[in-house]
Amino acid sequence: MTILDGKAVAAQIRAELRARTLEFERKHGKQAGLAVVLIGNDPASAIYVRNKIKGCEEAGIRSFAYELPEKISQEEALALIRRLAEDKKVHGILLQLPVPGHLDAAALLGAIPPEKDVDGFSAENIGKLALGEEGSAACTPLGIMELLLRYGITVSGKRAVVVGRSRIVGRPMALLLLNADATVTVCHSKTKDLKEECRRADILISAVGRAGLIGPDMVKEGAVVIDVGMNRGADGKLCGDVDFAAVKEKVSFITPVPGGVGPMTIAMLLTNVCRAAERNP
Ligand code: NAP
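Worth saying up front: this structure is predicted, and the values here are computed from it rather than measured.

Parameters at a glance
- Within every chain, residues take consecutive numbers counted from 1 along the sequence as written.
- Per-residue local features are limited, in this predicted model, to residues with pLDDT of at least 70; the limit for side-chain atom pairs, both in listing and counting, is 80 or more; totals at the level of whole chains, interfaces and linings are taken over all residues.
- The basis for the side-chain values is all heavy atoms of the structure; hydrogens and waters are excluded.
- By convention a nonpolar core is built from buried Ala, Val, Leu, Ile, Met, Phe, Trp, Tyr and Cys residues, the set being connected through side-chain atoms within 4.5 Å.
- Accessible area is worked out with a 1.4 Å probe on protein chains only. A residue is then buried under 20% of its type maximum, exposed over 50%, and partly exposed in between.
- Counting from the N terminus, the helices are the DSSP runs of H or I reaching at least four residues and the strands are the DSSP runs of E reaching at least two.
- The source of the domain bounds is an automatic or database domain assignment.
- In what follows, a contact means two residues having at least one pair of non-hydrogen atoms within 4.5 Å.
- A carboxyl oxygen of Asp or Glu within 4 Å of a side-chain nitrogen of Lys or Arg is what we treat as a salt bridge.
- Any residue with a non-hydrogen atom lying within 4 Å of a molecule or strand is treated as near it.
- Polar contact criterion, stated in full: a pair of N or O atoms within 3.5 Å, where within protein one must be able to donate a hydrogen and the other to accept it, and residues adjacent in sequence count only if both atoms are side-chain atoms.
- Note on areas: Shrake-Rupley with a 1.4 Å probe; residue coverage comes only from the protein chains shown.
- Amino acid classes used here: Ala, Val, Leu, Ile, Met, Phe, Trp, Tyr, Cys and Pro are nonpolar; Asp, Glu, Lys and Arg are charged; the rest, including Gly, are polar.
- Whether two strands pair depends on DSSP finding at least two bridges between them.
- For helices, the axis comes from a line fit to the C-alpha atoms of the stretch in contact; other axes are also lines fit to C-alpha atoms, and the angle between any two N-to-C directions lies between 0 and 180 degrees.

Asker: Requested: an account of the nonpolar core, with residues and values cited.
Answerer: Within the largest apolar cluster, 53 residues are counted, with the highest numbers of intra-cluster contacts made by Leu34, Ile61, Ile144, Leu148, Leu177, Ile205 and Ile226. Residue contributions to this core peak at eleven residues, all from helix H10 (residues 261-279). Shared between two domains, this core holds at least three residues of each, these being domain 1 (29-113) and domain 2 (139-262). Not counting the four nearest positions on each side in its chain, Leu177 is found in contact with Met145, Val155, Ala160, Val162, Ala182, Val184 and Ile205. If you look at the next biggest cluster of nonpolar residues, it comprises 22 residues, including Leu68, Leu95, Leu109 and Phe121.

Set out below in structure tokens:
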């Protein structure tokens, strides 16, 4: 059994990006730039934003951080995003979700032009992904594909099962796997027999958010198991959806939580910024 070390691979990606962003700077006389917009006082969001800004520094990307007050109006927030959409120093715009309840998140996201949508959340980028065309795909599933690739795990022809169908993880994950020629099943809260579906998987990806959901009886011998979940266990520690200690005995590859999918998400965000800058300098 091999543990897929997302932390180490992400560090390698950041180092590779550093060379790419230096080349961009040499060619265009400016750095690739990411604007990060944080609205309100959610402490978890503040940590995510801090990590993304730190990642930018390490990858040679200039970051522009905007911390907006909780009570900001829709018009003011929209005005900022529209200004960033026009700003030539900004190649990617990231609106940290969730936004406060009085704001229309879909309208704010809709104001980010597809070429600056480095989170891959826009209808246009999701449409491109569904058609197998080039665009920005969502960072978490993209990070999982990169992890599989770098560990030499073949996807083509494999039976992949994705548990979860959210817009940011499950759906784009299924599309990326399909585009890579896997035979894909998507499970969700209405799936009749989750255990049987999961047991058929050569590659099992759980993106639900429930600790202990995937036990050893749900996993085929020798499968590849990717755990996207981020939960607090009964002991207060961070854990995934998979019963790691028991499942690791049965599988060929598995991601830990923390240190698996999480670091890859930020690495792919930085990759998407770099690609966006190269496409539209
Ligand atoms: P979400 O929007 O809440 O979606 C959860 C999905 O799980 C839904 O599709 C839901 O089905 C499905 N589900 C719920 N209970 C289920 C059950 N008992 N059996 C099968 N499916 C079930 O969550 P998300 O945003 O996709 O995130 C999922 C998890 O990944 C969370 O723990 C989140 O914190 C984590 N996450 C981690 C990263 C990272 O970088 N590591 C990034 C993003 C998210 P329905 O559609 O039928 O409701």
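Asker: Account for the pattern of salt bridges, naming residues and giving values.
Answerer: Tallied over the entire structure, the rule returns 14 salt bridges. Across the salt bridge formed by Glu146 and Arg150, the nearest N and O atoms sit 2.8 Å from each other. Remark: Arg150 and Glu146 occur in helix H6 (residues 139-150); sequence separation between them is four residues, near one turn of the helix. Residues joined in a network through salt bridges with shared partners are Arg14, Lys54 and Glu58.

Asker: Can you tell me about the site of the ligand, naming the residues and giving the values?
Answerer: As a structural note, the neighbourhood of the ligand is formed by 21 residues, with Arg165, Ser166, Ser189, Met230 and Thr265 the closest of them. Here Ser189 contributes a side-chain N or O atom positioned 2.6 Å from an oxygen atom of the ligand. Note that an oxygen atom of the ligand is positioned 3.4 Å from one of the backbone N or O atoms of Val228. Relative to its unbound accessible area of 930 Å², the ligand is 71% covered by the protein chains. Take the shell around the ligand: its biggest share by element is three residues, from H10. Here the shell around the ligand is built from residues that sort into nine nonpolar, ten polar and two charged.

Asker: Give a detailed account of the sheet that holds strand E3 (residues 62-68), specifying residues and quantitative values.
Answerer: Reading across the sheet, the three strands line up as E3-E2-E4 and stay open at both edges, with parallel pairing between neighbours. The open sheet is flanked by E3 and strand E4 (92-95), the only strands paired with a single partner. Going across the sheet, the axis of each strand differs from the next one's by a mean of 15°, ignoring polarity. Relative to E4, strand E2 (residues 33-39) runs parallel, the two being bridged by four bridges. Among the inter-strand pairings, Ala35 is bridged to a residue of E4, identified as Ile93. Along the sheet, helix H2 (residues 43-59) contacts E2, E3 and E4; its crossing angle with E2, the most-contacted strand, is approximately 170°.

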